[in-house]
Amino acid sequence: MEESIIENWAQKNQVEVKIVHDDLSADNADLAQGFDGVSSEGNLPVSASVYEKFRQYGIKQLSVRQVGVDNQDLAAAKKNGIKITNVAAYSPRAIAELGVTDAMYLLRKIGIYQDRMAHGDFTYDKSTISTEIFNCTVGIIGAGHIGGASAHLYSALGAKVLAYDPVYDASLEPYLTYTDFDTILAKSDIISLHTPLLASTENMIDKTAFDKMKKKPILINVARGGLVDTQALIAALKNGQVSAAALDTLADETDFYDKKNMLNSLPEDYKELQAMPQVLITPHIAFFTKLAVKNSIEIALNDAKTIISGGEVNSVVNL
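As recorded in an unreviewed UniProt entry, the protein chain goes by the name D-2-hydroxyisocaproate dehydrogenase, listed as coming from Lactobacillus kullabergensis. According to UniProt, the comment filed for the protein chain under the heading Sequence similarities (unreviewed entry) is "Belongs to the D-isomer specific 2-hydroxyacid dehydrogenase family."

A.B. asks: So what exactly am I meant to see when it comes to the environment of Leu 193 here?
C.D. replies: For Leu 193, the location among the structural elements is in strand S7 (residues 190–193). Put simply, Leu 193 and Gly 99 are 94 residues apart on the chain and 9.2 Å apart in space, counted from C-alpha to C-alpha. Apart from the residues lying within four places of it in its own chain, the contact partners of Leu 193 are Ile 141, Ile 205, Leu 219, Ile 220, Asn 221, Val 222, Ala 223, Leu 227 and Val 228.

A.B. asks: Which parts of the structure should I look at to understand unusual backbone geometry?
C.D. replies: Note: most peptide bonds trans; most residues except glycine with negative phi. For Gln 14, which is not glycine, the phi torsion reads 55° and is therefore positive. Along the polypeptide, Gln 14 turns up in the loop between helix H1 (2–13) and strand S1 (38–40). Judged by relative accessible area, which is 76%, Gln 14 ranks as exposed. Positive phi, normally seen in glycine, also occurs at Lys 109, with a value near 60°.

A.B. asks: Is there a simple way to think about helix H6 (residues 145–156) in this case?
C.D. replies: Spacing of three or four residues puts side chains on the same side of an α-helix, whose turn is 3.6 residues. The end-to-end C-alpha separation of H6 is 17 Å, in line with the 16 Å expected for 12 residues at 1.5 Å each. Burial in H6 covers these residues: Ile 146, Gly 147, Gly 148, Ala 149, Ser 150, Ala 151, Leu 153 and Tyr 154. Lining the buried residues of H6 we find helix H4 (92–107), strand S4 (137–141), strand S5 (160–164) and S7. Positive phi shows up at Gly 158, right after H6, with a value of about 95°.

A.B. asks: Hey, could you run me through the pattern of salt bridges in this one?
C.D. replies: For side chains bearing opposite charge, pairing can occur when the charged atoms are close. Evaluated as defined, the whole model comprises 11 salt bridges. For Arg 224, the salt bridge is made with Asp 70, and the minimal N-O distance between the two is 2.8 Å. With Arg 224 in the loop between strand S8 (218–221) and helix H9 (230–238) and Asp 70 in the loop between strand S2 (61–64) and helix H3 (74–79), the pair connects residues that are 154 residues apart, well separated along the chain. Note on Asp 70: relative accessible area 37%, which makes it partly exposed.

A.B. asks: Can you help me understand the packing of aromatic side chains in this one?
C.D. replies: In this description, an aromatic ring pair is defined by two values, namely the gap between the centres and the angle between the planes. This model, assessed by the stated rule, comprises five aromatic pairs. Arranged with centres 5.2 Å apart and planes meeting at 55°, the rings of Tyr 168 and Tyr 178 form a pair that is tilted. Placement of the pair is Tyr 168 in the loop between S5 and strand S6 (177–178) and Tyr 178 in strand S6, with a sequence separation of 10 residues. Classification of Tyr 168 by relative accessible area gives exposed; the value is 52%. Taking 5.6 Å as the distance between ring centres and 65° as the angle between the ring planes, the aromatic pair formed by Phe 287 and Phe 288 counts as edge-to-face. The exposure class assigned to Phe 287 is partly exposed, which follows from its relative accessible area of 22%. The exposure class of Phe 288 is partly exposed, given its relative accessible area of 46%. A network of ring pairs unites the aromatic residues Phe 256, Tyr 257 and Tyr 270 as a single cluster.

A.B. asks: Can you help me understand a negative patch on the surface in this one?
C.D. replies: Side chains of Glu 2, Glu 3, Glu 7, Glu 41 and Asp 258 sit close together on the surface and give a patch of like negative charge. Along the polypeptide, Glu 2 turns up in helix H1. In this structure Glu 2 comes out as partly exposed when scored by relative accessible area, which is 31%.

A.B. asks: Help me understand H1 in this model?
C.D. replies: The first and last C-alpha atoms of H1 sit 17 Å apart over 12 residues, in line with the 16 Å expected at 1.5 Å per residue. Taken together, the buried positions of H1 are Ile 5, Ile 6, Trp 9 and Ala 10. Projection of H1 onto a plane perpendicular to its axis shows the buried side chains occupying an angular sector of 135°, all on one side. Seen from the open side of H1, the exposed residues pointing more than 90 degrees away from its buried face are Asn 8, Gln 11 and Lys 12. Summarising the contacts, the buried residues of H1 are in contact with helix H11 (290–308).

Thresholds applied
Residues numbered from 1 in each chain as written. Predicted model: local features only at pLDDT ≥ 70, side-chain atom pairs only at ≥ 80, totals over all residues. Heavy atoms only, no water. UniProt positions renumbered as here; feature names shortened; annotations may be inferred. Helix = DSSP H or I, 4+ residues; strand = E, 2+ residues; numbered from the N terminus. Contact = heavy atoms within 4.5 Å. Buried < 20%, exposed > 50% of the residue type's maximum accessible area, 1.4 Å probe, protein only. Expected span 1.5 Å × (residues − 1). Salt bridge = Lys/Arg side-chain N within 4 Å of Asp/Glu carboxyl O. Phe/Tyr/Trp six-rings, centres within 6.5 Å; stacked < 30°, edge-to-face > 60°. Patch = residues over 30% accessible without salt bridge, like charges linked within 9 Å, V, L, I, M, F, W, Y side chains within 5 Å. Areas by Shrake-Rupley, 256 points an atom, 1.4 Å probe, with all protein chains shown as cover. Lys, Arg positive; Asp, Glu negative; His and termini not counted. Charge placed at Lys NZ, Arg CZ, Asp CG, Glu CD. Arc of directions from axis to C-beta.

The structure is reproduced here in structure tokens:
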């Protein structure tokens, strides 16, 4: 699907595009020689040597076809005269919808029922009774494009929505109430993460955060794996501090996501989480809808073309 979108864009814009299927790295950066710009997608770290090569080849931009740029060395890129752009809003609803879907799945204890039924147990009891979404308080941590879209959806379902974000957006007031981080932890039945991975947000959900949470909330992470201390989450799930978790991203995912792996080679923390029926893991695919993929490609390539042509875009993240 991605190839056809790229090819259609290239034909429409009369631009030569070379498609490389591997993630951008020092090993394949030389393939950019002779081209005017580069667009990439992926979560593998990009080393400073990549930007040095781009500078040598006269390349002045790198358009990243995703929101997160925590795998990029922004300072090294700037030092080499490379403007890095991202796509901040290719389809916020795509990610928001998966988060809400996961929350409803966990709220109704479907994973636990599926696990029981796989062993011939079709019973239900007080441990699996559910709460209806309109009786829940949802805490949104990071109320940007995706967090805001999530607030819209939860609010439409009748939930009370709280949000923590250092940037205030008046347009979201009909759907949420702004508050502080600790209040989100203390009052939310569902906590949904939507912040970038920065030095200030790494492991923001750790043992201290779990200790401050309301009894047995559901944790949803469709943002970045590094926002959550994985070992602290496992402990919180085991001791009942957290009732369930949906994880579209894990801190160590670059070692095995988007690959076919031998089961015995998977990390122990993944195996431990996957074995829990109250945990739902998906391989970082919240973005993977037809509209989101189309938009991310076309926006990124349009930005690349604009910069190459001497124009300015407002999506540069390393000014």
